[in-house]
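Spelled out from the first residue to the last, the chains are:
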Amino acid sequence: MTINELQDEIVDEFAEIDDWMDRYACIIDMGNQLDEMPQEFKTPEFLIEGCQSRAWLHAELDNDGRIVYKADSDALIVKGIISMLLKVLSGHTPQEIMNADLYFIDKIGLAENLSPTRSNGLAALLKQMRLYAIAYNAKENSR
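(A) Spotlight on the side chain of S83. Note that S83 resides in helix α3 (residues 76-89). Under the relative-accessibility criterion, S83 is labelled buried at 15%. When near neighbours in sequence (up to four residues on either side) are disregarded, S83 contacts M30, G31 and L34.

Here you go:
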């Protein structure tokens, strides 16, 4: 599926939920379904700076030239946000990730319903995901 198709799935899922307490519960459920991140990546090297809670992000390029992200957080809401971002971006090429317009964040009302510190953390996480894409893209183009 394309990045936009994956975003549309999330938008559709949240369209059925009116109450923000129920939306938070859905986000937490998504976080609980997140694959476990290997302990070897839960180190200061992979810690996202600017996040209120502790969140880690690791990325590697698979044999097909697609970035596979692994991430985790010690906060339930953040873990759910991470789950959505991984669903949308992981498994795509660096170029696709660099060009992605992540409209689902605004469409589901996430940006406006996060505290300022959580919004900063979301921005920091997105920035780091894009930096990995830029780095892998540059590496691929230098070959």
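After that view of the structure, there is still more to cover.
(B) View of α3. With 14 residues, α3 should reach 20 Å at 1.5 Å per residue; the first-to-last C-alpha distance of 20 Å fits that figure. The buried count for α3 comes to twelve of 14 residues, which makes it a mostly enclosed element. All buried positions along α3 are accounted for by I77, V78, K79, G80, I81, I82, S83, M84, L85, L86, V88 and L89. Directly beyond the C-terminal end of α3, a positive phi value near 90 degrees is found at G91.

(C) Examining the environment of H58 more closely. Among the structural elements, H58 can be located in strand β1 (residues 55-61). Between the alpha carbons of H58 and M30 there is a distance of 19 Å; along the sequence they are 28 residues apart. Setting aside residues no more than four positions away along its own chain, H58 makes contact with M37, F41, F46, V68, Y69, K70 and Y132.

(D) Inspection of the pairing of β1 at higher detail. Within β1, five of the seven residues are buried, leaving the element largely enclosed by the surrounding structure. Pairing between β1 and strand β2 (residues 67-73): seven bridges, direction antiparallel. Bridge pairing in β2 links A59 to Y69. Count of turn residues in the β1/β2 antiparallel hairpin: five residues, of which G65 carries a positive phi of about 80 degrees.

(E) Seen up close, the nonpolar core. Counting 49 residues, the largest nonpolar core has Y69, M84 and L85 as its most contacted members. Mapped onto this core, the elements with two or more residues apiece are α1 (3-15), α2 (20-32), β1, β2, α3, α5 (104-107) and α6 (116-141). The element best represented in this core is α3, accounting for nine residues. Apart from the residues within four sequence positions on either side, L85 is in contact with S90, L102, F104, I105, L122, L125, L126 and M129.

(F) The arrangement of the side chain of S73 in detail. Tracing the backbone through its elements, the reader meets S73 in strand β2. Within polar-contact distance, the side chain of S73 engages the side chain of S53 at 3.5 Å. Looking at S73, its side chain comes within polar contact range of the main-chain nitrogen of A75, at 3.1 Å. Aside from chain neighbours lying at most four places away, what touches S73 is S53, R54, A55, W56, V78, K79 and I82.

Cut-off values and rules
Residues numbered from 1 in each chain as written. Predicted model: local features only at pLDDT ≥ 70, side-chain atom pairs only at ≥ 80, totals over all residues. Heavy atoms only, no water. Helix = DSSP H or I, 4+ residues; strand = E, 2+ residues; numbered from the N terminus. Buried < 20%, exposed > 50% of the residue type's maximum accessible area, 1.4 Å probe, protein only. Contact = heavy atoms within 4.5 Å. Expected span 1.5 Å × (residues − 1). Pairing = 2+ DSSP bridges. Core = buried A, V, L, I, M, F, W, Y, C linked by side-chain atoms within 4.5 Å. Polar contact = N/O pair within 3.5 Å; in protein donor to acceptor, adjacent residues only side chain to side chain.

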